[in-house]
Amino acid sequence: MTETATHCPYCAFQCAMTLSPAPAGSPEPLTVDGRDFPTNRGGLCKKGWTSGALLGETDRLTAPLFRTADGGFEEVEWDVALDRIAEAVRQSREEHGPDSVGIFGGGGLTNEKAYQLGKFARLALGTSRIDYNGRFCMSSAAAAANRSFGVDRGLPFPVEDLDAATTVLILGSNMADTMPPFLSHLQGARAAGGLIVVDPRRSSTARLTDDGAGLHLQPAPGTDLELLLGLLHIVIAERLVDETFIAERTTGYAALRRSVAAWWPERVQSVTGVPTDLLRRVARRLASRGGTYILTGRGVEQHVNGTDTATAAINLALVLGLPGSTDSGYGTMTGQGNGQGGREHGQKCDQLPGYRKIVDPAAREHVARVWGVDPAIIPGPGLPAVEMLASLGREGGVRTLFVHGANVVISAPNAGEVRDALTRLDLLVVSDFFLSETARYADIVLPVLQWAEEEGTMTNLEGRVVRRRKAIDPPAGARSELWILAELARRLEAPGRYDLDPALVFDELARASEGGIADYSGLSHELLDTEVAAYWPFPVGSTGTPRLFLDRFGHADGRARLVPVRATAHPERPTEPGQLTLITGRLLEHYQSGSQTRRVAELADSQPELRAEIHPTTARDRGLADGELITVENHRGTVVARVTTSTGIRPETIFLPFHFADDASANLLTSDATDPISAMPEFKTAIVTVHAIGAVAPLETVGASV
Amino acid sequence: MHPPRPVRVVLVGFGPVGARFAEELLPEVVAGRVDLTVVGAESGDPYNRVLVAELAVGLTEKDDIVLADSDELRGSGVDVRTGVRVVAIDREARTVLLDDGTDVEYDRLVLATGARANIPTLSGVARTIRDSSTLGRLGHAAIGTDDALPTGVTVVRDLADAETIGRAVAAKQHIVVLGAGVLGLEFALLAARHGATVSVVHTGAFPMPRNLDRGGGSVLSRALRARGITLLAHSPAEGIAVHTEDDGTTRFDALYTADGKHIHGDLLVLSCGVGARAELAVTAGLRTEAGIVVDRDLRSWTDSRIYAIGDCAHIVENDGQTDTARLGGAPAGLIGPGWRQAEWLAARFAADVTGTEHSDAPPAERASVVMLKGEGIDAVSAGAISAEPWDPRIGDVEPPNVALWADPEHGRYVKMVTRDGVLEGFVSVGMPRASAELTMLFERGGELPSDRSLLLRLDAPDEPVASGTPAGPEAIICTCNAVTAGTISDAWHAGNTTVACIGKATRAGTGCGGCKDRIERIIADREATLGTPPALEVTA
């Protein structure tokens, strides 16, 4: 009986788990157990516990599919599929230039696959057009961290450091639903009464502040920036700042101080709805003795001012002297399984492996040497995700698109436009293990491997590289993406090596990253198999960097930048009576577009359909009852949802999780306006109206409880 | 071909609004499309006047209220001249004259001269009426200057005032405040909190009469008294008495009122509202009323090259009327609208000099929210608040809807005046969370929940959660795995008597582990009521 030590297929917390053969008679081939590890300490959430369900009898894809004339799919041989793709690429390049072929990657791909995808794009396709779904979920935090710290690593400290904290301020993250085992690290702050959660909704995470465990601030959607400017104003005005730290480790304080002079508490209250006494209490608590951490998530980032909002949070942390110590800090909560590693090794349109800038001649030189090519043949920067998707099938845009590890018809903003855009393509090739909603739009679908069927590495939210290990043979017919890329590269007569063994690909990645910001050069699968605590940068000869900023920040002078930011009017605000502000988010039971978790019976049974959370008063004003079906509409689209009332949401706000398909996709309503710095879209504040559908189909439980 | 000559913009006034305008226009200066000259009467960098009282009592420091850096602006090519007054505008020559004798030419002139504190009619306190005949008589000396006040009498406006007040507060002296508007009360609260003895003298029945109704004002009175402030209502001030110090100088001694009260004190703080500093416009022949009269585009009715923003600007839609009938209205007197005007006008100028479209309409202001700043005290109002719940219909006009909550005993009062669910006005005293929510809804023009009591409940203590007793069967105990108390209880009945067993059976407690003590409590509760469950059946 063999056990395999690996990590969860889902979020960035990458809980350690053990996979072992299931007892006879089990519908699933493997049994999943939590494994002791500094992050999850043996715990798993419902998603992790049930992850084995997708390895058994499912609607798994086991052969390449071609779209047929009648709109269905037929199975074809791999050679046929790959020949056809290579031919189409060649033709598109000849007729429309190399940038007519594009790749849309994912933050769930292993480091090895993400790296190889970036290399394949630049060398085999010769295209600049590669970006990924991480643009939807981390780019603003990354841009802010790079601007302020000179380096972007989600948590620049080990997650266990949080255990000793007495104050933790969380903005825009609902980790109680998205990565529940993380909560064990918040127990200290809760016990000290210092968990402070900022969310327009009384989310599961906000409820952790109950019973004296802390404070929940409930600002109006889209006002996080003003809230943070107000907190900065108070800590500066009340002289709660760490003057020594500011003097020795930062630059730009004078301009920052001037920039927040205009945000006195009463003004902040009038914008956010958060009373001044609460603002003052929070500011003073953050400055109190004992460990203090500030953590931000998608809630602050998924706005057109997301980079500035994340920057304001960093400024707050810096003036309090939190980063760079052993008991305090600032961090951002990475979302996707390999959201961190996925943005470091070349699938971002402006980057090369090692978190290098693609426009930097030295970076190009270095990577070209590792790839064995002339730097001149590496294309320049491409287009960020939203822009690339908008270009599909348009003049000068992408005409042939590869999608890997992403389900854009659900996860992209303004998803209706994206659905239309996909139909404009000459060719859409989707690699997935299920016929995802995006795969349904494909001309060719390629079946690939699941987490327990492959070797590789992931980089968790702490910048710690962990090993993913194979526990089970894949179904006949499914292939590794490394194999697919190698086969296509061969057909396209591409320069460079395309190894099939993930360990070899990792070794190449390590060399390519050497000397970069995210330096993996001292790591290998072999070393990782010793369970070394592999926090990057991990250059040759080092033992890794658990705490990134102890001595210096990433800028040349070693100092962090205090970057003044300005609040600007929000693009979408209700203007008509009856309008609500839509905020989107996640459920405990589902991961991302739900392509996996909606197939797990236990998860789907408890969250089978889209439910719209609204305040009971809001529901009553519109004559809506709990359990009633409604449409949620705006000029971008219409979704169908079932009403769930909750006093935990602000009356002018409506919450939809985005995990559901077809006309239950919340992103049919969200805006594709983007942040000018990070190109990350505005998911969080769309203006909508709600309407009863008429036919009332109450839930059984609702009917019974009257 | 030569590039076009930069447009010469002269900004008069370097307070918060002027500073914002300069900063917003900076990119055009850097790009060489605008030559900007800034003239400020005060020396030093512009600062946030809203916080002068805080500065006075030592709650904040000078550097913390500075809004812009003159040297930085100079470094970017702005000609910043501080400590110098503009004393005349020559509209023919398009120049402004400075009190150092120099001229500056302009293509566009922006007046951001702000406001000065009103000096009430008081025997013993001299004041200048800045109408055109007086100004003509006094000449340049009355332009951009303030009247000298007797020793021991001050206003709360600039850094020098802050210093005077700071000394009195630090010495825990008796301060008499004349006027119970929002600024006077904010100052009174701060001074009282920092140890001064404070008396507030005012004319009406209750404080903040322009902003509060009787209910709100009465509740606020109680709150102020509870903070040790003496309120002297119905007391129209008539004059001041002075005494002679040992060195022969005279100094404020007492304020006396029409009903014969003498209120002795060490310092008299005048807080009787503000008036636009419009004398420069008056002498230049621009139309003025409550301020410099400008249209919605912030352009003077009289001279299309001259603009006004902030506290000195009286915005009236110019519908072609040129008669001398009173126009009505007044500057908002608040900083938010001034900043929005500064941003808008700078954007307009930038669009003009770059030849691009500036389509945004000028900022339309709702009635302003007035909020009493002060820790631990809360009074906010906005809009039209005079309506009462039972007001009758007058002709065809439906009265607005009014919802009211009054609990004077506990210092709480809320009035919400709405039409179609949208606030026309509100008063909220002693209910900070309701205030915050109502303020935000008013600013946004948002709809109120039809159940208005929802807003009152925001100030209720958090719902009590029975943490000592097991929750109902539907309550989620393990959030990580969404396991309910009922499921855990069922598992216990099936023979799982330890936290670990229950974890194996239900996954409760197998995520973050934060609920293990609650699972233990459920086990203890089951054991206490039912003894032990049947042993778990062990299958081979």
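Residues numbered from 1 in each chain as written. Chains lettered and ligands numbered in written order. Predicted model: local features only at pLDDT ≥ 70, side-chain atom pairs only at ≥ 80, totals over all residues. Heavy atoms only, no water.

## Description of the overall build of chain A
Check the secondary structure of chain A and you find 25 helices and 27 strands. Against the globule reference of 27 Å for 706 residues, chain A gives a C-alpha radius of gyration of 24 Å, in line with a compact fold. Seen along its three principal axes, the alpha-carbon backbone of chain A occupies a region of about 70 × 65 × 55 Å. When contacts within chain A are restricted to residue pairs at least 6 apart in sequence, those whose partners lie at least 24 apart make up 73%. Of the roughly 22100 Å² of accessible surface on chain A, 49% is carried by carbon and sulfur atoms. (Helix = DSSP H or I, 4+ residues; strand = E, 2+ residues; numbered from the N terminus. Rg over C-alpha atoms; globule rule 2.2 N^0.38 Å. Contact = heavy atoms within 4.5 Å. Areas by Shrake-Rupley, 256 points an atom, 1.4 Å probe, with all protein chains shown as cover.)

## Some details on the environment of A:Asn414
All names here are of chain A. For Asn414, the location among the structural elements is in the loop between helix H18 (408–411) and helix H19 (415–423). Along the primary structure Asn414 and Glu454 are separated by 40 residues, whereas in three dimensions their C-alpha atoms are 34 Å apart. For Asn414, the contacting residues outside a window of four places in its chain are Arg636, Asn667, Leu668, Thr670 and Asp672.

## Looking at the UniProt feature "domain: BFD-like [2Fe-2S]-binding" (unreviewed entry) in chain B
Cross-referencing UniProt, the feature "domain: BFD-like [2Fe-2S]-binding" (unreviewed entry) maps to residues 476–524 of chain B in the present numbering. Along residues 476–524 of chain B one finds 53% helix and 10% strand; the C-alpha atoms at either end are 18 Å apart. (UniProt positions renumbered as here; feature names shortened; annotations may be inferred.)

## Quick word on helix H10 (residues 253–260) of chain A
Every buried residue belonging to H10(A) is among A:Tyr253, A:Leu256, A:Arg257, A:Arg258 and A:Val260, and all of these are buried. Where H10(A) is buried, its residues touch helix H8 (224–237), helix H9 (243–249), strand E11 (250–251) and helix H14 (306–319) of chain A together with helix H3 (62–65) and helix H4 (70–75) of chain B. (Buried < 20%, exposed > 50% of the residue type's maximum accessible area, 1.4 Å probe, protein only.)

## Points about the sheet that holds strand E13 (residues 329–332) of chain A
All names here are of chain A. The strand order across the open sheet formed by five strands is E10-E9-E8-E12-E13, and the pairing between neighbours is parallel. Only two strands of the sheet have a single partner each, and these edge strands are strand E10 (214–217) and E13. Each adjacent strand pair in this sheet contributes to an overall mean axis angle of 10°, direction not counted. Pairing geometry for strand E9 (residues 195–198) and E10, over four bridges, is parallel. The residue of E10 that forms the bridge with Leu195 is Gly214. (Pairing = 2+ DSSP bridges. Axes fitted to C-alpha atoms, helices over the stretch in contact; angles between N-to-C directions.)

## So, the domain arrangement of chain B
Residues and elements named next belong to chain B. The domain architecture assigned to chain B consists of domain 1 (7–115 + 125–141 + 275–354), domain 2 (153–272), domain 3 (378–457) and domain 4 (476–530). Averaged C-alpha coordinates put domain 1 and domain 2 at centres separated by 31 Å. For the pairing of domain 1 and domain 2, the buried interface totals around 1300 Å² over both sides, and the portion due to carbon and sulfur atoms is 73%. Three residues, Ala56, Val57 and Val125, lead the burial of domain 1 against domain 2; their summed loss comes to 37% of the area buried on that side. Run the count over domain 1 and domain 2 and you get one salt bridge. Between Asp311 and Arg157 there is a salt bridge, with the nearest N and O atoms lying 3.9 Å from each other. Inspection of the domain 1/domain 2 interface yields three residue pairs in polar contact (both at pLDDT 80 or more). (Domains from an automatic or database assignment. Buried area = accessible area lost by both parts, 1.4 Å probe. Salt bridge = Lys/Arg side-chain N within 4 Å of Asp/Glu carboxyl O. Polar contact = N/O pair within 3.5 Å; in protein donor to acceptor, adjacent residues only side chain to side chain.)

## Brief notes about the pattern of salt bridges
Summed over the entire model, instances satisfying the criterion amount to 68 salt bridges over all chains. As a salt-bridge pair, A:Asp557 and A:Arg561 come within 3.3 Å of each other at their nearest N and O atoms. We classify A:Asp557 as partly exposed; its relative accessible area is 42%. For B:Arg108, the salt bridge goes to B:Asp352, with nearest N and O atoms at 3.0 Å.

## What about the nonpolar core?
Counting residues in hydrophobic clusters, the biggest one holds 277 residues, and the most contacted among them are A:Phe182, B:Phe21 and B:Leu111. A per-element tally of this core places H8(A) first, with nine residues. With 30 residues, the next largest nonpolar core counts A:Val403, A:Val408, A:Leu425 and A:Ala661 among its residues. (Core = buried A, V, L, I, M, F, W, Y, C linked by side-chain atoms within 4.5 Å.)

## Topic: empty space enclosed by the protein
One simple way to see leftover space: roll a probe sized like a water molecule over the atoms. Residues and elements named next belong to chain A. Tallied over the entire structure, the rule returns eight cavities of 30 Å³ or more. Estimated volume of the largest cavity: approximately 630 Å³. Looking at the largest cavity, it is lined by 38 residues, and the ones nearest its centre are Gln336, Gly405, Tyr591, Gln592 and Gln596. Taken together, the elements giving at least two residues each to the lining of the largest cavity come down to strand E17 (427–432) and strand E22 (580–585). Classifying every residue of the lining of the largest cavity gives 13 nonpolar, 18 polar and seven charged. Looking at the lining of the largest cavity, you find at least three residues from each of domain 2 (65–133 + 338–495) and domain 4 (580–704). Reported here for the second largest cavity is a volume of approximately 520 Å³. Surrounding the second largest cavity, 38 residues form its lining, Gly172, Ser173, Asn174, Gly299 and Lys684 being those nearest its centre. (1 Å grid on protein atoms, 1.4 Å probe; cavity = no way out; pocket = protein on both sides within 12 Å on 5 of 7 lines; lining within 4 Å. Points joined across faces, edges and corners; volume = space filled by probe spheres on them. Nonpolar A, V, L, I, M, F, W, Y, C, P; charged D, E, K, R; others polar.)

## Overview of the interface of chain B and chain A
On the side of chain A, 53 residues touch chain B, which itself brings 51 residues to the contact. A combined buried area of about 4300 Å² lies between chain B and chain A, and 50% of that area is made up of carbon and sulfur atoms. When the buried surface of chain B facing chain A is broken down by residue, B:Asp64, B:Arg444 and B:Arg507 rank first, second and third, together holding 15% of it. Inspection of the chain B/chain A interface yields nine salt bridges. Salt-bridge contacts for A:Arg566 lead to B:Glu24; the nearest nitrogen and oxygen are separated by 2.3 Å. Within the residue set of the side of chain B that touches chain A, elements represented by two or more residues are helix H1 (16–30), H3, helix H10 (335–354) and helix H11 (432–444) of chain B. Broken down by element, the residue count for the side of chain B that touches chain A peaks at nine residues, all from H11(B).

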